[in-house]
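Next come the chains, spelled out residue by residue.
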Amino acid sequence: MDIAPALPRPLVAIRYCPKCRWLTRAAWLAQELLITFPDEIDVLLSPGESGIFEVLLDGALLFSRAAAERFPEPKELKQSIRDRIAPARSLGHSDR
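Now for a description of the structure that goes with this document. Residue numbers restart at each chain and count upward from 1, following the sequence in its written direction. pLDDT decides what is reported in this predicted model: residues at 70 or higher carry local features, side-chain atom pairs at 80 or more are listed and counted, and totals for whole chains, interfaces and linings draw on all residues regardless. Side-chain measures here rest on the full set of heavy atoms in the structure, leaving out hydrogens and waters.

## A few points about the environment of glutamate 73
Item 1. Secondary structure follows DSSP: runs of H or I at least 4 residues long count as helices, runs of E at least 2 residues long count as strands, and numbering of each begins at the N terminus. With respect to the element layout, glutamate 73 can be found in the loop between helix H2 (65-68) and helix H3 (74-85).
Item 2. For glutamate 73, a relative accessible area of 49% puts it in the partly exposed group.
Item 3. Spatially, the C-alpha atoms of glutamate 73 and valine 12 are 15 Å apart, while their sequence positions differ by 61 residues. Here's how the labels work: a residue is buried when its accessible area is under 20% of the maximum for its type, exposed when over 50%, partly exposed in between, all with a 1.4 Å probe on protein chains only.

In structure tokens, the structure reads:
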């Protein structure tokens, strides 16, 4: 029996500051992304340096709290990820 290896899925990394207690926010965003893209992405929560909250897709920065001066909304992350991995896919209410 020949089983082909699975292709690697895009990796979404959420880097957060543990000293700022942003793990809960990072985990909530990870949950939102995994509910929307259950078979299409992998998500990694990664503790980082002081004050950081960033979301990356395969190493490319999607969102930076420092640059935006706010936290990301799930809708904008879902749209950004969809636009890169499955542009034709509908996100239902998240597209409105």
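## Some remarks on the sheet that holds strand E2 (residues 42-47)
Two modes of strand pairing occur in sheets, parallel and antiparallel, and in both the strands are linked by backbone hydrogen bonds.
Item 1. Any two strands are treated as partners once DSSP identifies two or more bridges connecting them. On the basis of which strands lie adjacent, the open sheet formed by 4 strands has the order E2-E1-E3-E4 and mixed pairing. In the strand order of this sheet, the two ends are held by E2 and strand E4 (60-64), each with one partner. Geometrically, the sheet is characterised by an average inter-axis angle of 20° between neighbouring strands, direction not taken into account.
Item 2. Relative to strand E3 (residues 53-57), strand E1 (residues 11-16) runs antiparallel, the two sharing 5 bridges. When the bridges of E3 are listed, isoleucine 14 appears paired with valine 55. A fitted line through C-alpha atoms represents every axis, and for helices the fit uses only the stretch in contact; the resulting angles, taken between N-to-C directions, go from 0 to 180 degrees.

## Remarks on the packing of helix H1 (residues 23-36) against H3
Item 1. The interhelical angle for the contact between H1 and H3, taken along N-to-C directions, is 45°, at an axis separation of 10 Å. Relative to H3, the element H1 lies oblique. For the element pair H1 and H3, the recorded crossing hand is right-handed. For the pair H1 and H3, contact is made by Trp28, Leu29, Glu32, Leu33 and Thr36 and by Pro74, Leu77, Lys78 and Ile81, respectively.
Item 2. When grouped by side-chain class, the residues that make up the contact of H1 with H3 number 6 nonpolar, 1 polar and 2 charged. Roughly parallel means an angle under 35 degrees; roughly antiparallel, over 145; roughly perpendicular, 65 to 115; everything else is oblique. Should the near helix be turned anticlockwise from the far one by less than a right angle, the crossing is termed left-handed; should it be turned clockwise, right-handed. By definition, residues are in contact when any of their heavy atoms lie within 4.5 Å. Polarity classes work like this: nonpolar for Ala, Val, Leu, Ile, Met, Phe, Trp, Tyr, Cys and Pro, charged for Asp, Glu, Lys and Arg, and polar for all others, with Gly in that last group.

## Considering the pairing of E3
Side-chain positions along a regular strand alternate between the two faces of the sheet.
Item 1. Across the 5 residues that make up E3, a large majority, 5, are buried.
Item 2. Residues Phe53, Val55 and Leu57 of E3 are buried on one face, and the alternating residues Glu54 and Leu56, pointing to the opposite face, are buried as well.
Item 3. Taken together, the 4 bridges between E3 and E4 define a ladder with antiparallel strand orientation. For valine 55, the partnering residue across the bridge sits in E4 and is phenylalanine 63.
Item 4. What sits between E3 and E4 in their antiparallel hairpin is a turn of 2 residues, with aspartate 58 showing a positive phi close to 50°.

## Section: the state of the cysteines
Item 1. What counts as a disulfide here is a pair of cysteine sulfur atoms lying within 2.5 Å. For the structure on display, the rule yields 0 disulfides.
Item 2. The thiol of cysteine 17 is not disulfide-bonded; the next cysteine sulfur, from cysteine 20, is found 3.1 Å away.
Item 3. Cysteine 17 sits in the buried class, given a relative accessible area of 1%.
Item 4. On the accessibility criterion, cysteine 20 (32% relative accessible area) is partly exposed.

## Brief notes about the nonpolar core
Item 1. The biggest cluster of nonpolar side chains holds 20 residues, and the ones touching the most others in it are Val12, Ile14, Phe53, Val55 and Ile81.
Item 2. Breaking this core down by element, the ones donating at least two residues are E1, H1, E3, E4 and H3.
Item 3. Sort the elements by how many residues they give to this core and H1 lands first, with 4 residues.
Item 4. When neighbours within four sequence positions are excluded, phenylalanine 53 is seen to be in contact with Ile14, Arg15, Tyr16, Trp22, Arg25, Ala26, Leu29, Phe63, Ser64, Arg65, Phe71 and Pro72. Among the buried residues, those of types Ala, Val, Leu, Ile, Met, Phe, Trp, Tyr and Cys that are joined through side-chain atoms within 4.5 Å form a nonpolar core.

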